[in-house]
Amino acid sequence: MIKTLELEDYVARMSSPAGEVLSQIERRTNVLLPTAHMLSGHVQGRVLSMLSRMVRPRRILELGTFVGYSALCLAEGLDADGRLVTIEKNDELEEMIRGNLSRSPLGAKIELRIGSVQDVLCDLRAAILSGESTEPLFDLVFMDADKRTYTEDLEALLPLVKRGGWILADNTLWDGHVVDSAYDKDRQTLGLRHFNEYVRNDPRLECVILPIRDGMTVIRVL
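Note that the structure is a prediction, hence the values are computed from the model and not measured.

1. Focus on the overall build of the protein chain
A tally of helices and strands in the protein chain yields eight helices and seven strands. For 222 residues, the compact-globule formula gives about 17 Å, and the C-alpha radius of gyration of the protein chain, at 17 Å, lands near that figure. Each principal axis of the C-alpha distribution contributes one length, and for the protein chain these read about 60 × 40 × 35 Å. Counting all 222 residues of the protein chain, 46% fall into the buried class. Contacts spanning at least 24 positions in sequence make up 68% of the contacts within the protein chain whose residues lie at least 6 apart. Approximately 11,700 Å² of the protein chain is accessible, and the part contributed by carbon and sulfur atoms is 54%. Here the protein chain contributes 27 positively and 34 negatively charged side chains, and the mean placements of these two sets differ by 4 Å.

In structure tokens, the structure reads:
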């Protein structure tokens, strides 16, 4: 039987390179942060880039910036005048995020907002309802924030996504915990199980889970 690690290595080697800036960010994150496993990484980053290029979005919304790696991957697919808004609640990461974004020309297209997902989404909705914002609705969303509140975050962001738009939700297989009874009391696992079932049964949405890395659900807003 082919070993999983050997196959993962093969997939990485047979996928297009990420480029020097992203490679530097990945190396630096692995050296500096004990939570480096949260980084999207090479293969998932190439998937995000490819999907974004397929959609060709004018506006992207990201929930959970971490160090800015995934934001830069997603920004590769933006239209020439496109913009990406990314939300990160951990203000201790702000300096690192801004430094990473400044390494790439795409960083100029990315707006970082520090704060809780729900608070920033509330501000974005209020700006649209008041007419204060003339920006179009989002074409593409990447969810990678608190797994315990994925369903609540989805409900809060849906009014900001245009019909026919796309949502990518990360970690929806959660290292297999979503089908493991040993994690029946784990709040993050329970949050993801509820989210997966909610999306599957919501008539406003179509979805498929891709077994990439820790699971990524591709959702179309009807």
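Next, the rest of the story.
2. With respect to the environment of Asn100
Looking at the element boundaries, Asn100 is found in helix H5 (residues 94-102). Since its relative accessible area comes to 1%, Asn100 is described here as buried. Taking the C-alpha atoms as reference, Asn100 lies 25 Å from Lys147; in sequence the two are 47 residues apart. Each residue touching Asn100, except ones within four places of it in the same chain, is listed here: Ile25, Arg28, Val67 and Leu72.

3. Things to note about the packing of aromatic side chains
Summed over the entire model, instances satisfying the criterion amount to one aromatic pair. Ring geometry for Tyr150 and Phe195: centres 5.1 Å apart, planes at 70°, overall edge-to-face. Placement of Tyr150 in helix H7 (residues 150-157) and of Phe195 in helix H8 (residues 187-201) is noted, with a sequence separation of 45 residues between them. For Phe195, a relative accessible area of 0% corresponds to the buried category. Positioned above the aromatic ring of Phe138 is the side chain of Arg59, whose terminal nitrogen or guanidinium carbon lies 4.1 Å from the ring centre.

4. Description of the pattern of salt bridges
The tally for this structure, following the rule as stated, stands at 16 salt bridges. Here Asp79 and Arg56 are joined by a salt bridge, their closest N and O atoms 3.6 Å apart. One end of the pair, Asp79, is in the loop between helix H4 (69-75) and strand S2 (83-88); the other, Arg56, is in the loop between helix H3 (41-55) and strand S1 (59-63), with 23 residues separating them in the sequence. For Arg56, a relative accessible area of 40% puts it in the partly exposed group. Between Arg220 and Glu206 there is a salt bridge, with the nearest N and O atoms lying 3.3 Å from each other. Pair noted here: Arg220 is in strand S7 (residues 216-221) and Glu206 is in strand S6 (residues 205-210), with a separation of 14 residues, a long-range link. In the salt-bridge network here, residues are joined through shared partners; they are Arg46, Arg53 and Glu76.

Here is what the cut-offs are and how they apply
- Residues numbered from 1 in each chain as written.
- Predicted model: local features only at pLDDT ≥ 70, side-chain atom pairs only at ≥ 80, totals over all residues.
- Heavy atoms only, no water.
- Helix = DSSP H or I, 4+ residues; strand = E, 2+ residues; numbered from the N terminus.
- Rg over C-alpha atoms; globule rule 2.2 N^0.38 Å.
- Buried < 20%, exposed > 50% of the residue type's maximum accessible area, 1.4 Å probe, protein only.
- Contact = heavy atoms within 4.5 Å.
- Areas by Shrake-Rupley, 256 points an atom, 1.4 Å probe, with all protein chains shown as cover.
- Lys, Arg positive; Asp, Glu negative; His and termini not counted.
- Charge placed at Lys NZ, Arg CZ, Asp CG, Glu CD.
- Phe/Tyr/Trp six-rings, centres within 6.5 Å; stacked < 30°, edge-to-face > 60°.
- Lys NZ or Arg CZ within 6 Å of the ring centre and 35° of its normal.
- Salt bridge = Lys/Arg side-chain N within 4 Å of Asp/Glu carboxyl O.

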